[in-house]
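# Structure assessment
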Amino acid sequence: MATVEKKSMDTPDETRKFEKGHVQIVNIPGGTVGRYTFEPGWKWSEHVKPIAGTELCQAPHEGYQITGRMHVV
């Protein structure tokens, strides 16, 4: 039988910081949820690519934006 688990982004399982931003991560059955915060001027290619060590982000993404503006290429 399936179970219900309640989790809050206010108390994430993990927080990863990087220049001009951070992500708060909550692990749930069947997946992972992340809440990203980016400061003005943030670029994946400049601020995360050196950490990831790959040409492009390797993770699949689904999401929505709550506030601000974002340009995605």
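Look up a bit, the structure's there.
Everything quoted here is computed from the prediction, not taken from an experiment.

Cut-offs applied
- Residues numbered from 1 in each chain as written.
- Predicted model: local features only at pLDDT ≥ 70, side-chain atom pairs only at ≥ 80, totals over all residues.
- Heavy atoms only, no water.
- Helix = DSSP H or I, 4+ residues; strand = E, 2+ residues; numbered from the N terminus.
- Buried < 20%, exposed > 50% of the residue type's maximum accessible area, 1.4 Å probe, protein only.
- Contact = heavy atoms within 4.5 Å.
- Pairing = 2+ DSSP bridges.
- Axes fitted to C-alpha atoms, helices over the stretch in contact; angles between N-to-C directions.
- 1 Å grid on protein atoms, 1.4 Å probe; cavity = no way out; pocket = protein on both sides within 12 Å on 5 of 7 lines; lining within 4 Å.
- Points joined across faces, edges and corners; volume = space filled by probe spheres on them.
- Nonpolar A, V, L, I, M, F, W, Y, C, P; charged D, E, K, R; others polar.

## Quick look at the overall build of the protein chain
Of the regular secondary structure elements, the protein chain holds two helices and three strands. Helices and strands in the protein chain line up, N terminus first, as β-β-β-α-α. C-alpha atoms of the protein chain, sized along the principal axes, occupy 45 × 25 × 20 Å. The proportion of buried residues among the 73 residues of the protein chain is 12%. Restricting to contacts in the protein chain with at least 6 residues of sequence separation, those with at least 24 account for 18%.

## Topic: the sheet that holds strand β3 (residues 31–38)
The antiparallel open sheet is built from three strands, whose spatial order is β1-β2-β3. With partners counted over all chains shown, the strands left at the sheet margins are β1 (14–18) and β3, one partner each. In this sheet, neighbouring strand axes are inclined to one another by 20 degrees on average, regardless of whether the strands run parallel or antiparallel. Where strand β2 (residues 21–28) meets β3, eight bridges bridge the pair, whose relative direction is antiparallel.

## So, the side chain of Q24
Tracing the backbone shows Q24 in strand β2. Judged by relative accessible area, which is 16%, Q24 ranks as buried. With sequence-adjacent residues up to four places away left out, Q24 is seen in contact with M9, P12, E14, T15, V33, G34 and R35.

## A short note on the layout of surface pockets
Estimates place the volume of the largest pocket at around 2,000 Å³. For the largest pocket, the lining is made up of 43 residues, of which Y36, F38, W42, H61 and M70 are closest to its centre. Mapped by element, the contributors of at least two residues to the lining of the largest pocket are β1, β2, β3, α1 (44–47) and α2 (49–52). Looking at the lining of the largest pocket residue by residue, the class counts come to 22 nonpolar, 12 polar and nine charged.

By themselves these figures say nothing about function.
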